[in-house]
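What follows is each chain in one-letter form.
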There are 2 protein chains.
Amino acid sequence: MANAQTVAMQAIEAVNGTITTPKGFKSDGIHTKVKRKRNDLGVIYCDQPVAAAAVYTLNQIQAAPIAVTKEAIQTNGKIQAVVVNSGHANACTGKQGLTDAYEVQEKVAKTFVIQPEDIAVASTGLIGERMKMEKIIPGIEKLEPVATNQGAEQFAQAILTTDTFTKSACVQTMIDGEVVTVAGVAKGSGMIHPNMATMLGFMTTDANISHEALQRVLSNVTDQTYNRITVDGDTSTNDMVLALASAEVDHAELSETHPEWLQFVSAMQAVSESLSKQIARDGEGATKLIEVQVSGAPTDADAGKIAKQIVGSDLVKTAIYGTDANWGRIICAIGYAGVTIDPDTIDIAIGSYDTLLNSEPVMFSEEEVLAYLKGEEITIHVHLHVGEGVGKAWGCDLTYDYVRINAGYRT
Amino acid sequence: MANAQTVAMQAIEAVNGTITTPKGFKSDGIHTKVKRKRNDLGVIYCDQPVAAAAVYTLNQIQAAPIAVTKEAIQTNGKIQAVVVNSGHANACTGKQGLTDAYEVQEKVAKTFVIQPEDIAVASTGLIGERMKMEKIIPGIEKLEPVATNQGAEQFAQAILTTDTFTKSACVQTMIDGEVVTVAGVAKGSGMIHPNMATMLGFMTTDANISHEALQRVLSNVTDQTYNRITVDGDTSTNDMVLALASAEVDHAELSETHPEWLQFVSAMQAVSESLSKQIARDGEGATKLIEVQVSGAPTDADAGKIAKQIVGSDLVKTAIYGTDANWGRIICAIGYAGVTIDPDTIDIAIGSYDTLLNSEPVMFSEEEVLAYLKGEEITIHVHLHVGEGVGKAWGCDLTYDYVRINAGYRT
């Protein structure tokens, strides 16, 4: 499987595109003055309903838009428009919140003259306050989706909260000799953890694939990418990743029996991994992206679990911020990840510098490692020598700015 | 059970005592210059071997002293001396670390002319560096345990690392008409989480109780107290709580059939809860003690789990630091604690101020809540209205100083 993926990945080409690069998608974003300056309302629009798939937060407290979007996708597996507002999460807003989410859906339906059940809605921002409907509803009429990179950039800006930059990725691959494009846009900064934490992701592709097959790809890929990032371990009420496939490219419908199925999976994986890393890098207050690679675990899932435990440890995160090669905190996190390991066969390297081999400390040049830790991308390698499982996770350092941002977010 | 405890608790009297207040215990602490200024080596000593019980870290990576102490207690359930060094954890030090721990045990045996298998050892401090044996071994000869509060205070100082104050508690109760004393001393600041995270606790009592019964009490009480504190969610390699019972008070041996059994359990619980709160209050960089009380959960264990998830959330911790009544982050933590709840029946109060009732936001005076949040002890009340389970957990706010302390600990 690892080999198959490697071969397939060679045929995936990153291109300078956006969610409107795949054929069949338009988008826009505008400023309705819910937020002070930045865009706060956006739409992705297709000329007809297209195959849709989604994954949602596993938090038991789920925002109203999650319920409305789930319902829309369940109707017939198709979506024609996605409307997103930022500033308010429409979570913990009771029955009024649900009414508001439906009203947004209705308004989009009337404005674009499409069916309400083909409309997904998403919200992000403060929990527990009602959305400013008096700004959002008139705002919807002003949305003018276009199939340009500029429309996509307006959308990318409209979904941000504490993010400091927009996040997007686009790749192309060949299916049945035709160019297929997969693109994505995401937001997410704090409260990022497993299971979709205050992160929103929207993926578009012009591939020909059913709702069901797209759902299988998305669910799989999410486990390896979006669910492997952590900023502060909190899991939000609003998160979702939504994928839309327009089928505008003329190739045989994709499913597991298609010879180039893995090609498409790899393209989805590449976009998702790129977005995940961008989100981790933009963690609240972060100065460094941390990637943890675990191998030799009992299973791939175990490797991912340990990688995530390490990258989620406040002590590891502060050590990396302090450019401190403190492998003791790394081994400590390995020990409480809930995976059975052999405490005597652990290797830990920071970048290319071995710090622990066979669970015994190794002499290393503090100076060289310090120089490495001053960089903006830190990789931690762990080998457990227990099995064949491999997995990665991404996060960021824990800084003074994280505390500053989160001690004052609501006020 | 709750009522039984309440009744019993009324007979537990907090007294101004130390671990040498229970009859039969002496202690000392000295400065061997492993640490720059503070004491770094301490001992608790009994005139003969006494009943002992212990709980240990659940981290799979366990420091050498854990192995040596486990072995000592397993021999015959008795301990005569406990020696503790701070500065180095003797964790991840390979075979050399185990040899060193045994050498410390041997040296104590020779110095005090007692059996090595009656000696417990504990270490706390930096992981991965060998202990400075050239300072510790000669230091052991200089220990002069005495049965005074001053001896206890020297010990309390000797076990600290990043702690800013010593932690102790002492209570008395009546068993068979005789005064029984239970006392404890602890250290712990960062890396405090479930399962004994870089925390050391030592409890002494002059009660008459077997090794086995003492172990049952300690394990139970630990679940409700030491395992309910979290500073940063990390679980350390070295943690243990050790209880010693000298049987110097003349009463019928305690076990579940003794009519005043709950009296003794409550005394152990009171000392453990007091130490736990002191540890949480002294969390690295903390300015506030946070107590979370959950009721209406399916079970007591579920309530404890949710309480701990809330008090462990970086977002809740930074909000409290920022005196922000952000109940959205609290409900969010409830939703991902892994306990089945009803999302529509949640009450949340901050201090005595209701912020959410039946999962709907409640108007509250921001000013009054702000004034409350400026205090040094914050209580969060959650009622789930699902079952009868109740539980508490303790933690602290997440501050700039936490980042400062942990970004520079090793250097």
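The rules behind the values
Residues numbered from 1 in each chain as written. Chains lettered and ligands numbered in written order. Predicted model: local features only at pLDDT ≥ 70, side-chain atom pairs only at ≥ 80, totals over all residues. Heavy atoms only, no water. Helix = DSSP H or I, 4+ residues; strand = E, 2+ residues; numbered from the N terminus. Rg over C-alpha atoms; globule rule 2.2 N^0.38 Å. Buried < 20%, exposed > 50% of the residue type's maximum accessible area, 1.4 Å probe, protein only. Domains from an automatic or database assignment. Buried area = accessible area lost by both parts, 1.4 Å probe. Salt bridge = Lys/Arg side-chain N within 4 Å of Asp/Glu carboxyl O. Axes fitted to C-alpha atoms, helices over the stretch in contact; angles between N-to-C directions. Parallel < 35°, antiparallel > 145°, perpendicular 65-115°, else oblique. Left-handed = near helix turned anticlockwise from the far one by under 90°. Contact = heavy atoms within 4.5 Å. Nonpolar A, V, L, I, M, F, W, Y, C, P; charged D, E, K, R; others polar. Polar contact = N/O pair within 3.5 Å; in protein donor to acceptor, adjacent residues only side chain to side chain. Core = buried A, V, L, I, M, F, W, Y, C linked by side-chain atoms within 4.5 Å. Phe/Tyr/Trp six-rings, centres within 6.5 Å; stacked < 30°, edge-to-face > 60°. Lys NZ or Arg CZ within 6 Å of the ring centre and 35° of its normal. Pairing = 2+ DSSP bridges. pLDDT = per-residue confidence, 0-100. UniProt positions renumbered as here; feature names shortened; annotations may be inferred.

Asker: Looking at this structure, I do not really get the overall build of chain A. What am I missing?
Answerer: Assigned secondary structure in chain A consists of twelve helices and 16 strands. Taken over C-alpha atoms, the radius of gyration comes to 21 Å for chain A, in line with the 22 Å a tight globule of 411 residues would show. With respect to the principal axes defined by its C-alpha atoms, chain A has extents near 70 × 55 × 35 Å. In chain A, buried positions account for 62% of the 411 residues.

Asker: Before we go on, may I ask you to explain the domain arrangement of chain A in this structure?
Answerer: For an interface, size is often stated in terms of accessible area lost upon the parts coming together. All names here are of chain A. Here the domain parsing of chain A yields domain 1 (2–279) and domain 2 (289–407). Placing a centre on the C-alpha atoms of domain 1 and another on those of domain 2 gives a separation of 31 Å. Counting each side, the surface lost to burial between domain 1 and domain 2 is near 1200 Å², with a carbon and sulfur contribution of 56%. The interface formed by domain 1 and domain 2 includes two salt bridges. Every element with two or more residues in the side of domain 1 that touches domain 2 is listed here: strand S9 (229–230) and helix H7 (261–281). Among the elements that make up the side of domain 1 that touches domain 2, the one with the highest residue count is H7 (three residues).

Asker: What should I look at first to understand the packing of helix H8 (residues 300–312) of chain A against helix H10 (residues 327–335) of chain A in this one?
Answerer: When two helices pack together, their arrangement is given by the angle between the helix axes and the distance between those axes. All names here are of chain A. Packing of H8 against H10 brings their axes to within 8 Å, and their N-to-C directions diverge by 135°. It follows that H8 is oblique to H10 by the angle criterion. For the crossing formed where H8 meets H10, the hand is right-handed. The residues of H10 that touch H8, namely those facing Ile306, Gln309 and Ile310, are Ile330, Ala333 and Ile334. For the contact of H8 with H10, the per-class residue count stands at five nonpolar, one polar and no charged.

Asker: Sorry if this is basic, but what is going on with the interface of chain A and chain B here?
Answerer: Each partner contributes residues to the interface: chain A has 52 residues there, and chain B has 52 residues. Along the contact surface separating chain A from chain B lie zero salt bridges. Where chain A packs against chain B, one counts eight residue pairs in polar contact (both at pLDDT 80 or more). Among the secondary structure elements, those contributing two or more residues to the side of chain A that touches chain B are helix H3 (94–112), helix H9 (314–321), H10, strand S14 (360–361) and helix H12 (400–407) of chain A. Among the residues forming the side of chain A that touches chain B, the class breakdown is 24 nonpolar, 18 polar and ten charged.

Asker: In this structure, what is going on with the nonpolar core? I would like to understand it.
Answerer: As a rule of thumb, soluble globular proteins bury nonpolar side chains together. In terms of nonpolar packing, the biggest core is built from 68 residues, with Ile310(A), Ile334(A), Phe202(B) and Leu244(B) touching the most fellow members. In this structure, Ile334(A) is in contact with Ile306(A), Ile310(A), Ile341(A), Ile346(A), Ile348(A), Val382(A) and Leu384(A), ignoring residues within four places of it in sequence. In terms of nonpolar packing, the next biggest core, distinct from the first, is built from 66 residues, Phe202(A), Ala297(B), Ala333(B) and Tyr336(B) among them.

Asker: Before we go on, may I ask you to explain the packing of aromatic side chains in this structure?
Answerer: The description of an aromatic ring pair rests on the distance of the ring centres and on the angle between the ring planes. Considering all chains together, one arrives at nine aromatic pairs over all chains under this definition. Taken together through their ring pairs, the aromatic side chains of Tyr321(A), Tyr400(A), Tyr321(B) and Tyr400(B) make up a single cluster. Across from the ring centre of Tyr56(B), 5.2 Å away, lies the NZ or CZ of Lys70(B), which sits over that ring. Across the ring face of Phe165(B), the terminal group of Lys167(B) is positioned such that the distance to the ring centre comes to 4.5 Å.

Asker: Looking at this structure, how should I read the sheet that holds strand S12 (residues 347–350) of chain A?
Answerer: Note: strands within a sheet are paired through backbone hydrogen bonds, in either parallel or antiparallel orientation. All names here are of chain A. A sheet is described by the order of its strands in space; here seven strands give the open sequence S9-S16-S11-S15-S12-S13-S14, paired in mixed fashion. Whereas interior strands pair on both sides, the edge strands pair on one side only; in this sheet they are S9 and S14. Bridging between S12 and strand S13 (residues 353–357) involves three bridges; their strand directions are antiparallel. Its bridge partner lying in S13, Ile350 is registered against Tyr353. Of the strands in this sheet, S12, S13, S14 and strand S15 (377–383) touch H10, which is tilted by about 135° from S12.

Asker: What exactly am I supposed to notice about the pattern of salt bridges here?
Answerer: Oppositely charged side chains are able to pair whenever their charged atoms sit close together. Residue and element names in this part refer to chain A. Going through the model one piece at a time under the given rule, you end up with 20 salt bridges over all chains. For Lys392, the salt bridge goes to Glu273, with nearest N and O atoms at 3.4 Å. Here Glu273 lies in helix H7 and Lys392 lies in strand S16 (residues 389–396), a separation of 119 residues in the sequence. Note that Lys277 is salt-bridged to Glu291, the shortest N-O span being 3.5 Å. Pair noted here: Lys277 is in helix H7 and Glu291 is in strand S11 (residues 289–297), with a separation of 14 residues, a long-range link. Since its relative accessible area comes to 10%, Glu291 is described here as buried. Connected via shared salt-bridge partners are Asp163, Lys167 and Asp282.

Asker: What is the right way to look at the environment of Thr323(B) in this model?
Answerer: All names here are of chain B. Along the chain, Thr323 falls in the loop between helix H9 (314–321) and helix H10 (327–335). Sequence separation between Thr323 and Lys33 is 290 residues; the distance between their C-alpha atoms is 41 Å. Beyond its immediate chain neighbours, meaning those up to four positions away, Thr323 contacts Lys288, Leu370, Leu373 and Lys374.

Asker: Even after reading the chapter, I still don't get the pairing of strand S6 (residues 167–175) of chain B, so can you show me in this structure?
Answerer: Within a regular strand, the side chains alternate between the two sheet faces. All names here are of chain B. Two strands pair when backbone bridges link them, and strand S1 (residues 13–14) and S6 are joined in this way by two bridges, in the antiparallel orientation. If you follow Glu13 over to S6, its bridge partner there is Gln172. In this sheet, strand S7 (residues 178–187) lies alongside S6 in antiparallel orientation, the contact comprising nine bridges. Each bridged residue has a counterpart across the sheet, and for Ile175 the counterpart in S7 is Glu178. With antiparallel pairing between neighbouring strands as the criterion, S6 and S7 make up a hairpin whose turn holds two residues, including Asp176 at a positive phi of roughly 50°.

Asker: Just to check I follow, could you spell out the sheet that holds strand S16 (residues 389–396) of chain B for this structure?
Answerer: Residue and element names in this part refer to chain B. Sheet architecture is open: seven strands sit in the order S9-S16-S11-S15-S12-S13-S14, paired in mixed fashion. Of all the strands in the sheet, just strand S9 (229–230) and strand S14 (360–361) have a single pairing partner and so form its edges. Across seven bridges, the pairing between strand S11 (residues 289–297) and S16 is antiparallel. When the sheet's bridge partners are listed, Ala297 is paired in S16 with Gly389.

Asker: It is not clear to me how the confidence of the model for chain A should be interpreted in this structure. Could you clarify?
Answerer: Parts of the model with low pLDDT should not have their predicted coordinates read in detail. Residues and elements named next belong to chain A. In the predicted model, chain A carries a mean pLDDT of 91, and 93% of its residues have values of at least 70. This model gives residues 1–9 a pLDDT under 50, and the stretch forms nine contacts once residues within four places in sequence are excluded. The low-confidence segment residues 192–197 (pLDDT under 50) makes 42 contacts with residues lying over four places distant or belonging to another chain.

Asker: It is not clear to me how the UniProt feature "binding site: substrate" (unreviewed entry) in chain A should be interpreted in this structure. Could you clarify?
Answerer: All names here are of chain A. Those residues carrying the UniProt feature "binding site: substrate" (unreviewed entry) are Thr161, Lys187, Thr198, Glu284, Asn406 and Thr411 in this numbering. By secondary structure assignment, the location of Thr161 is in the loop between helix H5 (149–158) and strand S6 (167–175). Overall, the relative accessible area of 17% leaves Thr161 in the buried class. Thr161 has contacts with Lys35, Arg38, Ser86, Thr124, Gly125 and Lys187, leaving out every residue within four places of it along the chain. Topologically, Asn406 is positioned in helix H12. The class of Asn406 is buried, set by a relative accessible area of 2%.

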